[in-house]
Amino acid sequence: MTTYPLARPYITKREYELVKHVLDSRILSLGPIVQKFEAAFAKRIGVRYACAVNSGTSGLHLALLAAGIGRGDEVITSPFSFIASANSVIYTGARPVFVDVDASTGNMNPKKIERAITTKTKAILVVHIFGQPANMKPIMALARRKHLIVIEDACESLDATYHRKKAGTFGQSGVFAFYPNKQMTTGEGGIVVTNSQKIYDSIASLRNQGRDKDMNWLNHRSIGYNYRLDELSAAVGLAQLEKLTFLIRERQKITQWYTQELRQRPDLVTVPAIAPGNTHTWFVYVVRIARAGVPRDAIIKRLGTQGISSKAYLPSIHLFEVYRKMFHSKPGDFPISEDISARSLALPLYLGLTRKDVKFIARTLLTDIEHYGTHVRR
Ligand SMILES: *Cc1c(COP(=O)(O)O)cnc(C)c1O
């Protein structure tokens, strides 16, 4: 039986070559390759500064700290996200305040952001979910009007655009992640982009134990962290960046195949919606089960027995045990996010999937949902 994983990084000779070059150089950290990677990434995104770190999560943490977020502050963010976005707010001592999402895209609803603003609100941590940007025009206008900082979690939306402007370039800073299931990888890794030299300097120091910019051993201006990216990871990142256009085009091609197959049965599944003005770079391909009474988890299990990996994407953060305990959140607090969470599953998406593979996966999914429906009715 052919088996299909959910994700798989695309590695070529070039990654081996650049990693070997680093190993041969004996400079494994604090060397020239991280700097090269940062410069290439900044150029690609069209920003002045990029600061590489050892994960997307540490990037979010430092972006919030550099913005001066801390104890007593509230940061408005999305419950429909990977847990790292909300956790990073908690690391700073601030409180994440969730707002419900748009039903079609799963991105934050600007009207609901406005209603959640209090005297303690200091920032909006916008999450660009699954590979397409949030509705940034009203969000930026609101932030300007209410004097709020905007930080973007663009970890899932590398190179995606909103009216031709890239995700991660709207706010004070934007964060990207390079875990192996993302559009490009460094193994573990992340990067913060900004056009502000002050923010860049602050993040560059904080990732390196709070040390002075000139690496002076004699002075630390704050309690920093070791959030550095190493040279080997940066070498992988450089090789991936060279082919990023190809990586994204392939994802767009494969997801188009999925949509062609699946949109024929809107009674069974809802295919992803792309908002007008957006380009989508497809971190994941997530569909929603449209037929009432078909339990998503049973479908995931059944697909598994047929060699097809799929996964609930994503559980709403406010319903995790730790968030219920800390913030007394409960089912019903964010009904749209919860509804999407209950019905969504991600399908296999990686370079190498053929049209035939996609057809097989899509048809198996449709058959499973249909079969479950008849089974229940009887
Ligand atoms: C991947 C991701 C991150 C960062 O993840 P790391 O594993 O720390 O690199 C943050 N937010 C979202 C929404 C993500 O998908």
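Above this note sits the structure.
About the criteria used
- Every residue gets a number counted from 1 within its own chain, in the order that chain's sequence is written.
- Side-chain atom pairs in this predicted model are given and counted only at pLDDT of 80 or more, local residue features only at pLDDT of at least 70, and totals for whole chains, interfaces and linings cover all residues.
- Based on all heavy atoms of the structure, the side-chain values leave hydrogens and waters out of the count.
- For each residue, the test is whether any non-hydrogen atom lies within 4 Å of the molecule or strand; if one does, the residue is near.
- Two N or O atoms form a polar contact when they lie within 3.5 Å of each other; inside protein one atom must be a possible hydrogen donor and the other a possible acceptor, and for residues adjacent in sequence the pair counts only when both atoms belong to side chains.
- Here a helix means four or more residues in a row that DSSP labels H or I, a strand means two or more in a row labelled E, and each is numbered from the N terminus.
- Only centres within 6.5 Å qualify two rings of Phe, Tyr or Trp (six-membered ring in Trp) as a pair; their planes then separate them into stacked at under 30 degrees, edge-to-face at over 60, and tilted for everything else.
- A ring has a charge above it when a Lys NZ or an Arg CZ is no more than 6 Å from the ring centre and no more than 35 degrees off the ring normal.
- Among buried residues, the Ala, Val, Leu, Ile, Met, Phe, Trp, Tyr and Cys ones that are joined through side-chain atoms within 4.5 Å form a nonpolar core.
- Burial classes: relative accessible area under 20% of the type maximum marks a residue as buried, over 50% as exposed, and values in between as partly exposed (1.4 Å probe, protein chains only).
- In what follows, residue pairs with any heavy atoms lying within 4.5 Å of each other are defined as contacts.

The environment of the ligand is made up of 13 residues, and the closest members are Gly 56, Thr 57, Asp 153, Glu 156 and Lys 182. Residue Lys 182 places a side-chain N or O atom 2.7 Å away from an oxygen atom belonging to the ligand. Top contributing element to the shell around the ligand by residue count: helix α3 (residues 56–66), with three residues.

Once that is clear, we can look at the packing of aromatic side chains. Under the counting rule described, the total for this entry stands at 17 aromatic pairs. The interplanar angle of 65° and the centroid separation of 5.6 Å between the aromatic rings of Phe 37 and Phe 178 together place this pair among those described as edge-to-face. With Phe 37 in helix α2 (residues 32–45) and Phe 178 in the loop between β8 (173–177) and β9 (190–194), this pair connects stretches of sequence that are 141 residues apart. Among the aromatic residues, those joined into a ring-pair cluster are Phe 37, Phe 41, Phe 176 and Phe 178. If you follow Lys 165 out to its NZ or CZ, it ends over the ring of Phe 170, 5.2 Å from the centre. The ring of Phe 283 has Lys 182 lying over it, and the distance from NZ or CZ to the ring centre is 4.6 Å.

Here we take up the nonpolar core. Core analysis: the biggest nonpolar cluster contains 29 residues, and Phe 37, Phe 41, Phe 176, Met 184 and Ile 191 have the highest contact counts within it. If you list the elements that add at least two residues to this core, you get α1 (13–25), α2, β1 (49–53), β9, α8 (231–242) and α9 (244–262). For this core, the element with the highest residue contribution is α2, accounting for six residues. The residues contacting Phe 41, other than those within four sequence positions of it, are Ala 50, Leu 158, Phe 176, Phe 178, Ile 191, Val 193 and Leu 241.

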